[in-house]
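Spelled out, the chains give:
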Amino acid sequence: MVVPPPCRPLKLTNLLKPYVLKMHLTNKYVSAQVVHSPTATVASSASSQEKALRSTIGCTQDVAAASKIGKLLGERLLLKDIPAVSVFLKREQRYHGKVKAIIDSLREVGVKLL
């Protein structure tokens, strides 16, 4: 008699955190995007390189620009009915400066962070 291998249940973290916030910060620009991890597609993104934002931001590399990028990304997420996002920080990224500005402005708009 052959015993079938045990079935592993789905990882609960994959079900709870399908949308992941990823940030890319350079000396010139700030960009952030939300990725739908099961399908590996970009759900929404915002960057200081966009033509519509360049005229309103002024400086594209400071903390104020990062907070405006976070607000714009949060508004775009709420338009697409994405209420919650988990945050992915790289090893060199700390919750300070531009990273803090993006995350805090997402919270102000109404996006929940997991």
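Relevant structure appears above.
Residues numbered from 1 in each chain as written. Predicted model: local features only at pLDDT ≥ 70, side-chain atom pairs only at ≥ 80, totals over all residues. Heavy atoms only, no water.

Novice: Summarise the overall build of the protein chain; cite the residues concerned and give the values.
Specialist: Scanning the protein chain from terminus to terminus reveals 4 helices and 5 strands. Listing every helix and strand of the protein chain by position from the N terminus yields α-β-β-β-α-α-β-α-β. Considering only C-alpha atoms, the protein chain reaches an extent of 75 × 30 × 25 Å along its principal axes. The 114 residues of the protein chain split such that 31% are buried. Taking all contacts inside the protein chain whose residues are at least 6 apart in sequence as the whole, residues at least 24 apart take part in 59%. The averaged location of the 7 negative side-chain charges in the protein chain is 8 Å from the averaged location of its 18 positive side-chain charges. (Helix = DSSP H or I, 4+ residues; strand = E, 2+ residues; numbered from the N terminus. Buried < 20%, exposed > 50% of the residue type's maximum accessible area, 1.4 Å probe, protein only. Contact = heavy atoms within 4.5 Å. Lys, Arg positive; Asp, Glu negative; His and termini not counted. Charge placed at Lys NZ, Arg CZ, Asp CG, Glu CD.)

Novice: Residues and numbers for the nonpolar core, please.
Specialist: Counting 23 residues, the largest nonpolar core has Leu21, Leu73 and Leu77 as the members making the most contacts within it. Looking at this core, the elements that each hand over two or more residues are strand S1 (19–25), strand S2 (30–36), strand S3 (41–47), helix H2 (51–57), helix H3 (63–79) and helix H4 (98–109). Residue contributions to this core peak at 6 residues, all from H3. Other than its neighbours up to four places away in sequence, Leu77 contacts Val34, Ser44, Ile82, Val85, Leu106 and Val111. (Core = buried A, V, L, I, M, F, W, Y, C linked by side-chain atoms within 4.5 Å.)

Novice: A description of the sheet that holds S2 should follow, citing residues and the corresponding values.
Specialist: In space, the 5 strands of this open sheet follow the order S3-S2-S1-S4-S5, with mixed pairing throughout. Each of the sheet's edge strands pairs with one partner strand only, and the pair in question is S3 and strand S5 (112–113). In this fold H4 packs onto S1, S2, strand S4 (84–87) and S5, with an angle of close to 145 degrees to the strand it touches most, S1. (Pairing = 2+ DSSP bridges. Axes fitted to C-alpha atoms, helices over the stretch in contact; angles between N-to-C directions.)

Novice: Please give an account of the pattern of salt bridges that cites residues and values.
Specialist: Within this structure, the stated rule accounts for 2 salt bridges. For Glu50, the salt bridge goes to Arg76, with nearest N and O atoms at 3.1 Å. Pair noted here: Glu50 is in the loop between S3 and H2 and Arg76 is in helix H3, with a separation of 26 residues, a long-range link. (Salt bridge = Lys/Arg side-chain N within 4 Å of Asp/Glu carboxyl O.)

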